[in-house]
Amino acid sequence: AQSVTQLDSQVPVFEEAPVELRCNYSSSVSVYLFWYVQYPNQGLQLLLKYLSGSTLVESINGFEAEFNKSQTSFHLRKPSVHISDTAEYFCAVSPIYNFNKFYFGSGTKLNVKP
Amino acid sequence: EAGVTQFPSHSVIEKGQTVTLRCDPISGHDNLYWYRRVMGKEIKFLLHFVKESKQDESGMPNNRFLAERTGGTYSTLKVQPAELEDSGVYFCASSQDGGFGQFFGPGTRLTVL
């Protein structure tokens, strides 16, 4: 079975500060990893994903995440956040044998303050 | 291109009543998924359709939940009779070529009183 733990339910941060949203997973099989973002009153949007290859993946809006197999982590980072990054962020995994089934964490609300 | 749409956006019903949620996937997407998020907890997989066929319904909580996708286009999720613990946000997602690119709808917030 797979499970995902997002250690922080809420992360307050000032604008232009760096941020790290933590994600750890548990799985007996190899997995693909994802970060989704949900802006207020919108659906979840895929932010970035790790399928294979380089363990560092980047999104178009400055976020990056690094897959650490030994620590079973996939933390999300951004060196300088903007007000517009205020949203809820979800980490998810899917087993490589059934990539149609996602297991999500409980979400982290990022609140960027001016 | 229109995204995944869900109707209604909110629903408030009494315990024991029936509610039907609807999801319209992105046109041409054969894969359709239902998820549920209860009380700010994790988003949980309910089931997966490929066209009109249920590919995986391992996440459906019990037989009070019935999902259909007649004709392989839109899908409905019926809860009958609704219980208090069914309250939550129900998300629908669709994809064209498997799980790598699931596009989510805004969700339906269901409140059972």
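Residues numbered from 1 in each chain as written. Chains lettered and ligands numbered in written order. Predicted model: local features only at pLDDT ≥ 70, side-chain atom pairs only at ≥ 80, totals over all residues. Heavy atoms only, no water.

J.: What's the story with the side chain of Lys78(A) in this structure? I'm lost.
T.: All names here are of chain A. Tracing the sequence through the fold places Lys78 in strand β9 (residues 73-78). Among the residues examined, Lys78 registers a relative accessible area of 6% and is labelled buried. Separated by 2.8 Å, the side chains of Lys78 and Asp85 make a polar contact. (Helix = DSSP H or I, 4+ residues; strand = E, 2+ residues; numbered from the N terminus. Buried < 20%, exposed > 50% of the residue type's maximum accessible area, 1.4 Å probe, protein only. Polar contact = N/O pair within 3.5 Å; in protein donor to acceptor, adjacent residues only side chain to side chain.)

J.: Can you walk me through a nonpolar patch on the surface in this structure?
T.: Residue and element names in this part refer to chain A. The grouping of Val29, Ile96 and Tyr97 at the surface amounts to a nonpolar patch, some 290 Å² of accessible area in total. With respect to the secondary-structure elements, Ile96 resides in the loop between β10 (87-95) and β11 (103-104). Owing to a relative accessible area of 41%, Ile96 belongs among the partly exposed residues under this scheme. (Patch = residues over 30% accessible without salt bridge, like charges linked within 9 Å, V, L, I, M, F, W, Y side chains within 5 Å. Areas by Shrake-Rupley, 256 points an atom, 1.4 Å probe, with all protein chains shown as cover. Salt bridge = Lys/Arg side-chain N within 4 Å of Asp/Glu carboxyl O.)

J.: What exactly am I supposed to notice about the sheet that holds strand β7 (residues 65-68) of chain B here?
T.: Think of a sheet as strands paired side by side through backbone hydrogen bonds, with each pair either parallel or antiparallel. All names here are of chain B. Read across the sheet, four strands follow the order β1-β3-β8-β7 without closing on themselves; strand pairing throughout is antiparallel. Single-partner strands in this sheet number two, and they are β1 (5-7) and β7. Between one strand and the next, the sheet's axes are offset by a mean angle of 15°, whatever the strand orientation. Note that β1 and strand β3 (residues 19-24) share three bridges and pair antiparallel. Across the sheet, Gln6 pairs through a bridge with Cys23, a residue of β3. (Pairing = 2+ DSSP bridges. Axes fitted to C-alpha atoms, helices over the stretch in contact; angles between N-to-C directions.)

J.: It is not clear to me how the state of the cysteines should be interpreted in this structure. Could you clarify?
T.: In a disulfide, the sulfur atoms of two cysteines are held together by a covalent bond. Residues and elements named next belong to chain A. One pass over the full model with this rule turns up two disulfides over all chains. Two residues share a disulfide in this structure: Cys23 and Cys91, whose sulfurs sit 1.9 Å from each other. Where Cys23 bonds to Cys91 through sulfur, the torsion about that S-S bond is close to -65°, and the disulfide is left-handed. Pair noted here: Cys23 is in the loop between β3 (19-21) and β4 (24-26) and Cys91 is in strand β10, with a separation of 68 residues, a long-range link. (Disulfide = S-S within 2.5 Å.)

J.: For this particular structure, what's the right way to read the pattern of salt bridges?
T.: Two side chains carrying opposite charge are able to pair once their charged atoms lie near each other. Residues and elements named next belong to chain B. Applying the stated rule across the entire model yields twelve salt bridges over all chains. In this structure, Lys44 engages Glu42 in a salt bridge whose closest nitrogen and oxygen atoms are separated by 3.9 Å. Through salt bridges that share partners, Arg36, Arg64, Glu85 and Asp86 make up one connected network.

J.: When you look at the interface of chain B and chain A in this model, what are you seeing that I'm missing?
T.: Quite often, the size of an interface is put as the accessible area lost when its parts meet. At the interface, 20 residues of chain B touch 22 residues of chain A. Surface buried jointly by chain B and chain A totals about 1600 Å² across both partners, of which 58% is contributed by carbon and sulfur atoms. Here chain B and chain A share one salt bridge between them. Linking chain B with chain A are five residue pairs in polar contact (both at pLDDT 80 or more), by the criterion used here. Every element with two or more residues in the side of chain B that touches chain A is listed here: β4 (31-37) and β5 (43-50) of chain B. A breakdown of the residues in the side of chain B that touches chain A according to their chemical character gives eight nonpolar, eight polar and four charged. (Contact = heavy atoms within 4.5 Å. Buried area = accessible area lost by both parts, 1.4 Å probe. Nonpolar A, V, L, I, M, F, W, Y, C, P; charged D, E, K, R; others polar.)

J.: Honestly, the environment of Val93(A) in this entry has me stumped. Any pointers?
T.: Residues and elements named next belong to chain A. With respect to the secondary-structure elements, Val93 resides in strand β10. Separated by 86 residues in the primary sequence, Val93 and Leu7 place their C-alpha atoms 16 Å from one another. Leaving out residues up to four positions away in the same chain, Val93 has contacts with Gln2, Val4, Tyr25, Val31, Tyr32, Leu33, Lys101, Phe102 and Tyr103.

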